[in-house]
Amino acid sequence: MNTLTIFYDARCGLCGKFRSWLEAQPKRVAVDFLPYDSAEAALRFPGLLAIGADKDVVVLADDGRWWQGTAAWLTCLWATHQYRDWSFRLASPVLQPFVKKAVHLLSENRLTLSRLMNLKTNEALASAMRS
């Protein structure tokens, strides 16, 4: 595996912050980001919308494997130099129930958290500046 494609919500400020954070991290594999509802995403991963990519992040490897939700978030950590060990630790049977709960809470409330923390996407910021 050489490249991961992360399908994310481009309208979500929290998702945008995560994208910026991950892009800035030294990585062991290349990482591409695509909005889950883009034409390119539909070509790269047919059926993406049917599996609920609008509710949980989805990560696709260039070898065809894919992960969603908690496994996708842990795969994002796995891709980095600094947090790879954490990805294995958080995937352990003892910690995984807590990680699943945290990921679920973040995913379910990402838009509300974005508003509360005043996190704007580039598109939303550009729109506000035009007004």
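Preceding this section is the structure that the text describes.
Before going into details, it helps to say that this report is about the structure given with it. Nothing here was measured: the structure is a model prediction, and the numbers come from that model.

This part takes up the pairing of strand 1 (residues 3-8). Counting buried positions over the 6 residues of strand 1 gives 5, a clear majority of the element. The parallel pair strand 1 and strand 2 (residues 30-35), bridged by helix 1 (residues 13-24), forms a crossover whose chirality is right-handed.

Under the 1.5 Å per step criterion, the end-to-end length of helix 5 (residues 96-108) is 18 Å for 13 residues, consistent within 8% with the ideal 18 Å. The complete set of buried residues in helix 5 reads Val99, Val103 and Ser107. One face of helix 5 carries all of its buried residues, which in axial projection span an arc of 65 degrees. For helix 5, the exposed residues lying more than 90 degrees away from the buried face are Phe98, Lys101 and Glu108. Check the buried side of helix 5 and you find it contacts helix 3 (70-78), helix 4 (84-90) and helix 6 (110-116).

Each aromatic ring pair is characterised by the separation of its centres together with the angle its planes make. Inspection of the entire model under this criterion finds 6 aromatic pairs. Here phenylalanine 7 and phenylalanine 45 contribute two aromatic rings whose centre-to-centre distance is 5.9 Å and whose plane-to-plane angle is 90 degrees, an arrangement assigned as edge-to-face. Here phenylalanine 7 is found in strand 1, whereas its partner phenylalanine 45 is found in the loop between helix 2 (39-44) and strand 3 (58-61), with 38 residues between them in sequence. Accessibility assignment for this pair places phenylalanine 7 and phenylalanine 45 in one class, buried. One aromatic cluster is present, formed by Phe18, Trp21, Trp73 and Tyr83 through successive ring pairs. Here the basic side chain of arginine 84 rests over the ring of tryptophan 78, its NZ or CZ set 4.0 Å away from the ring centre.

This paragraph deals with the pattern of salt bridges. One pass over the structure, following the stated rule, counts 6 salt bridges. Across the salt bridge formed by aspartate 54 and lysine 55, the nearest N and O atoms sit 3.4 Å from each other. Since its relative accessible area comes to 53%, lysine 55 is described here as exposed. Across the pair arginine 65 and aspartate 63 runs a salt bridge, and its minimum N-O distance is 2.8 Å. Using a relative accessible area of 41% as the deciding quantity, one classes aspartate 63 as partly exposed. Beyond isolated ion pairs, a larger network of salt bridges with shared partners links Asp32, Glu40 and Arg44.

This brings us to the side chain of threonine 75. Mapping threonine 75 onto the fold places it in helix 3. Under the relative-accessibility criterion, threonine 75 is labelled buried at 10%.

Bringing the pairing of strand 2 into the picture now. With 6 bridges joining them, strand 1 and strand 2 adopt parallel strand pairing. Paired with leucine 4 across the strands is valine 31, a residue of strand 2.

Residues of helix 3 that are buried include every one of Thr70, Ala72, Leu74, Thr75, Cys76 and Leu77, and no others. Looking at the packing, one finds that the buried side of helix 3 touches strand 1, helix 1, strand 3, strand 4 (66-68), helix 4 and helix 5.

About the thresholds
- Residues numbered from 1 in each chain as written.
- Predicted model: local features only at pLDDT ≥ 70, side-chain atom pairs only at ≥ 80, totals over all residues.
- Heavy atoms only, no water.
- Buried < 20%, exposed > 50% of the residue type's maximum accessible area, 1.4 Å probe, protein only.
- Helix = DSSP H or I, 4+ residues; strand = E, 2+ residues; numbered from the N terminus.
- Right-handed = clockwise from strand over helix to strand, strands pointing away.
- Expected span 1.5 Å × (residues − 1).
- Arc of directions from axis to C-beta.
- Contact = heavy atoms within 4.5 Å.
- Phe/Tyr/Trp six-rings, centres within 6.5 Å; stacked < 30°, edge-to-face > 60°.
- Lys NZ or Arg CZ within 6 Å of the ring centre and 35° of its normal.
- Salt bridge = Lys/Arg side-chain N within 4 Å of Asp/Glu carboxyl O.
- Pairing = 2+ DSSP bridges.

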